[in-house]
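What follows is each chain in one-letter form.
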Amino acid sequence: MSDADAIDLALLVFRCGVGAVMLAHGINHIWGGGKIEGTAGWFGSMGMRPPLVQAWLASLTEIAGGALLVLGLLTPFGGAAVVGTMFVAFVINHRGNGFFIFRPGEGWEYVMTLGLTGMMLGAIGPGSWSLDDALDIRDDLIGWTGLAISVGAGIGGAVLLLATCWRPPAPSGD
(Lines give C-alpha, C1' and ligand atoms only; values in the text may rest on other atoms or scores of the structure.)
Protein backbone atom coordinates (compact mmCIF):
# COMPACT_ATOMS: atom_id res chain seq x y z
CA MET A 1 0.00 0.00 0.00
CA SER A 2 1.15 3.51 -0.77
CA ASP A 3 1.04 6.56 1.47
CA ALA A 4 -1.96 7.75 -0.54
CA ASP A 5 -3.76 4.49 0.29
CA ALA A 6 -3.03 4.99 3.99
CA ILE A 7 -4.50 8.50 3.82
CA ASP A 8 -7.57 7.22 1.95
CA LEU A 9 -8.06 4.46 4.53
CA ALA A 10 -7.74 6.93 7.42
CA LEU A 11 -10.24 9.30 5.78
CA LEU A 12 -12.65 6.43 5.12
CA VAL A 13 -12.51 5.26 8.74
CA PHE A 14 -12.72 8.82 10.09
CA ARG A 15 -15.65 9.97 7.98
CA CYS A 16 -17.52 6.69 8.54
CA GLY A 17 -16.98 7.07 12.29
CA VAL A 18 -18.23 10.66 12.36
CA GLY A 19 -21.06 9.74 10.00
CA ALA A 20 -22.08 6.84 12.24
CA VAL A 21 -22.17 9.14 15.28
CA MET A 22 -24.45 11.56 13.42
CA LEU A 23 -26.67 8.74 12.13
CA ALA A 24 -26.96 7.36 15.67
CA HIS A 25 -27.92 10.79 17.06
CA GLY A 26 -30.61 11.34 14.44
CA ILE A 27 -32.01 7.81 14.73
CA ASN A 28 -32.04 8.02 18.53
CA HIS A 29 -33.90 11.34 18.43
CA ILE A 30 -36.66 9.68 16.37
CA TRP A 31 -36.88 6.13 17.75
CA GLY A 32 -34.89 6.04 21.02
CA GLY A 33 -36.05 6.78 24.55
CA GLY A 34 -38.93 9.23 24.34
CA LYS A 35 -39.03 8.98 20.53
CA ILE A 36 -39.59 12.08 18.40
CA GLU A 37 -42.24 13.37 20.83
CA GLY A 38 -39.71 13.27 23.68
CA THR A 39 -37.13 15.01 21.52
CA ALA A 40 -39.71 17.68 20.67
CA GLY A 41 -40.48 18.18 24.36
CA TRP A 42 -36.78 18.56 25.13
CA PHE A 43 -36.27 21.00 22.25
CA GLY A 44 -39.33 22.96 23.35
CA SER A 45 -37.97 23.21 26.90
CA MET A 46 -34.86 24.89 25.45
CA GLY A 47 -36.93 27.39 23.47
CA MET A 48 -36.99 25.87 19.98
CA ARG A 49 -40.24 26.73 18.18
CA PRO A 50 -42.22 24.90 16.92
CA PRO A 51 -40.66 22.03 18.86
CA LEU A 52 -41.94 19.08 16.82
CA VAL A 53 -40.77 20.68 13.56
CA GLN A 54 -37.38 21.43 15.12
CA ALA A 55 -37.05 17.86 16.41
CA TRP A 56 -37.71 16.46 12.94
CA LEU A 57 -35.44 19.01 11.27
CA ALA A 58 -32.51 18.27 13.57
CA SER A 59 -33.02 14.50 13.41
CA LEU A 60 -33.29 14.35 9.63
CA THR A 61 -30.33 16.71 9.22
CA GLU A 62 -28.21 14.43 11.41
CA ILE A 63 -29.33 11.33 9.48
CA ALA A 64 -28.77 12.90 6.06
CA GLY A 65 -25.43 14.43 7.05
CA GLY A 66 -24.27 11.16 8.58
CA ALA A 67 -25.27 9.21 5.47
CA LEU A 68 -23.46 11.67 3.18
CA LEU A 69 -20.28 11.29 5.25
CA VAL A 70 -20.43 7.49 5.32
CA LEU A 71 -20.92 7.40 1.55
CA GLY A 72 -18.39 10.15 0.87
CA LEU A 73 -21.06 11.85 -1.22
CA LEU A 74 -21.26 15.66 -1.40
CA THR A 75 -18.97 15.57 1.60
CA PRO A 76 -18.90 19.33 2.35
CA PHE A 77 -22.69 19.24 2.72
CA GLY A 78 -22.40 16.33 5.16
CA GLY A 79 -19.81 18.41 6.99
CA ALA A 80 -22.20 21.38 6.99
CA ALA A 81 -24.87 19.23 8.63
CA VAL A 82 -22.43 18.36 11.41
CA VAL A 83 -21.22 21.95 11.82
CA GLY A 84 -24.75 23.35 11.85
CA THR A 85 -26.34 20.89 14.25
CA MET A 86 -23.40 21.09 16.63
CA PHE A 87 -23.44 24.91 16.55
CA VAL A 88 -27.13 24.93 17.46
CA ALA A 89 -26.49 22.37 20.23
CA PHE A 90 -23.67 24.56 21.53
CA VAL A 91 -25.78 27.72 21.62
CA ILE A 92 -29.01 26.34 23.06
CA ASN A 93 -27.70 23.67 25.43
CA HIS A 94 -23.95 23.38 26.06
CA ARG A 95 -22.25 26.80 26.09
CA GLY A 96 -23.07 27.74 29.65
CA ASN A 97 -21.98 24.41 31.12
CA GLY A 98 -18.19 24.75 30.93
CA PHE A 99 -15.81 22.92 28.64
CA PHE A 100 -15.86 19.31 29.86
CA ILE A 101 -18.65 16.97 28.78
CA PHE A 102 -18.73 15.31 32.20
CA ARG A 103 -19.72 18.56 33.96
CA PRO A 104 -23.36 19.01 35.04
CA GLY A 105 -25.49 19.89 32.04
CA GLU A 106 -22.77 18.58 29.68
CA GLY A 107 -20.01 20.94 28.62
CA TRP A 108 -19.20 21.91 25.07
CA GLU A 109 -16.04 19.88 24.31
CA TYR A 110 -18.01 17.17 22.47
CA VAL A 111 -20.04 19.48 20.22
CA MET A 112 -16.91 21.55 19.50
CA THR A 113 -14.96 18.44 18.50
CA LEU A 114 -17.71 17.17 16.22
CA GLY A 115 -18.17 20.63 14.69
CA LEU A 116 -14.45 20.86 13.92
CA THR A 117 -14.52 17.41 12.30
CA GLY A 118 -17.35 18.53 10.03
CA MET A 119 -15.34 21.58 9.02
CA MET A 120 -12.20 19.50 8.44
CA LEU A 121 -13.96 16.87 6.35
CA GLY A 122 -15.56 19.62 4.26
CA ALA A 123 -12.15 21.14 3.49
CA ILE A 124 -10.05 17.99 3.08
CA GLY A 125 -12.74 15.89 1.46
CA PRO A 126 -13.57 12.21 1.70
CA GLY A 127 -10.48 10.76 0.04
CA SER A 128 -10.34 8.62 -3.07
CA TRP A 129 -12.44 5.83 -1.59
CA SER A 130 -15.71 7.72 -1.87
CA LEU A 131 -18.68 8.37 -4.12
CA ASP A 132 -17.43 11.92 -4.64
CA ASP A 133 -14.34 10.41 -6.28
CA ALA A 134 -16.30 7.77 -8.21
CA LEU A 135 -18.59 10.49 -9.58
CA ASP A 136 -15.57 12.66 -10.41
CA ILE A 137 -16.74 15.58 -8.27
CA ARG A 138 -14.26 15.30 -5.39
CA ASP A 139 -11.73 17.78 -6.74
CA ASP A 140 -14.50 20.37 -7.24
CA LEU A 141 -15.54 20.15 -3.58
CA ILE A 142 -12.29 20.21 -1.59
CA GLY A 143 -10.10 23.03 -0.34
CA TRP A 144 -11.57 26.50 -0.02
CA THR A 145 -14.81 25.47 -1.74
CA GLY A 146 -15.42 22.61 0.67
CA LEU A 147 -14.46 24.74 3.65
CA ALA A 148 -16.81 27.53 2.53
CA ILE A 149 -19.67 25.05 2.09
CA SER A 150 -19.16 23.22 5.37
CA VAL A 151 -18.66 26.35 7.48
CA GLY A 152 -20.84 28.78 5.51
CA ALA A 153 -23.86 26.51 5.12
CA GLY A 154 -23.40 25.01 8.58
CA ILE A 155 -23.01 28.22 10.57
CA GLY A 156 -25.22 30.25 8.22
CA GLY A 157 -28.06 27.74 8.46
CA ALA A 158 -27.65 27.50 12.23
CA VAL A 159 -27.72 31.28 12.70
CA LEU A 160 -30.80 31.59 10.48
CA LEU A 161 -32.53 28.81 12.41
CA LEU A 162 -31.66 30.35 15.78
CA ALA A 163 -32.76 33.82 14.68
CA THR A 164 -36.13 32.61 13.46
CA CYS A 165 -36.98 29.69 15.75
CA TRP A 166 -35.17 30.01 19.09
CA ARG A 167 -36.85 31.83 21.91
CA PRO A 168 -34.70 31.15 24.99
CA PRO A 169 -36.73 30.44 28.10
CA ALA A 170 -36.60 33.12 30.77
CA PRO A 171 -34.02 32.33 33.45
CA SER A 172 -35.47 30.67 36.52
CA GLY A 173 -35.39 32.66 39.74
CA ASP A 174 -33.45 29.96 41.65
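A few points on the structure. (Residues numbered from 1 in each chain as written. Predicted model: local features only at pLDDT ≥ 70, side-chain atom pairs only at ≥ 80, totals over all residues. Heavy atoms only, no water.)

## Some words on the overall build of the chain
Right, on to step 1. The helix and strand tally for the chain stands at seven helices and zero strands.
Right, on to step 2. Listing each helix as α and each strand as β along the chain from the N terminus yields α-α-α-α-α-α-α.
Right, on to step 3. The C-alpha atoms of the chain give 17 Å as radius of gyration, which agrees with the globular expectation for 174 residues (16 Å, within 12%).
Right, on to step 4. Structurally, the chain occupies a C-alpha span of about 60 × 30 × 30 Å along its principal axes.
Right, on to step 5. Each of the 174 residues in the chain was classed as buried or not, and the buried ones make up 39%.
Right, on to step 6. Across the chain, every contact between residues at least 6 apart in sequence was considered, and the portion connecting residues at least 24 apart equals 67%.
Right, on to step 7. A total accessible area of about 8,900 Å² is found for the chain, and carbon and sulfur atoms account for 71% of it.
Right, on to step 8. If you average the places of the 7 positive and of the 13 negative side-chain charges in the chain, the two averages end up 15 Å apart. (Helix = DSSP H or I, 4+ residues; strand = E, 2+ residues; numbered from the N terminus. Rg over C-alpha atoms; globule rule 2.2 N^0.38 Å. Buried < 20%, exposed > 50% of the residue type's maximum accessible area, 1.4 Å probe, protein only. Contact = heavy atoms within 4.5 Å. Areas by Shrake-Rupley, 256 points an atom, 1.4 Å probe, with all protein chains shown as cover. Lys, Arg positive; Asp, Glu negative; His and termini not counted. Charge placed at Lys NZ, Arg CZ, Asp CG, Glu CD.)

## Focus on the pattern of salt bridges
Right, on to step 1. Taken as a whole, this structure holds one salt bridge when the rule is applied.
Right, on to step 2. Between arginine 138 and aspartate 133 there is a salt bridge whose closest N-O contact spans 3.0 Å.
Right, on to step 3. Residue aspartate 133 is classed as partly exposed on the basis of its relative accessible area of 30%. (Salt bridge = Lys/Arg side-chain N within 4 Å of Asp/Glu carboxyl O.)

## Observations concerning a nonpolar patch on the surface
Right, on to step 1. Residues Phe99, Phe100, Ile101, Phe102, Tyr110, Met112, Leu116 and Met119 make up a contiguous nonpolar surface patch of about 720 Å² in total accessible area.
Right, on to step 2. With respect to the helices, strands and loops of the structure, phenylalanine 102 is situated in the loop between helix 4 (75–94) and helix 5 (109–124). (Patch = residues over 30% accessible without salt bridge, like charges linked within 9 Å, V, L, I, M, F, W, Y side chains within 5 Å.)

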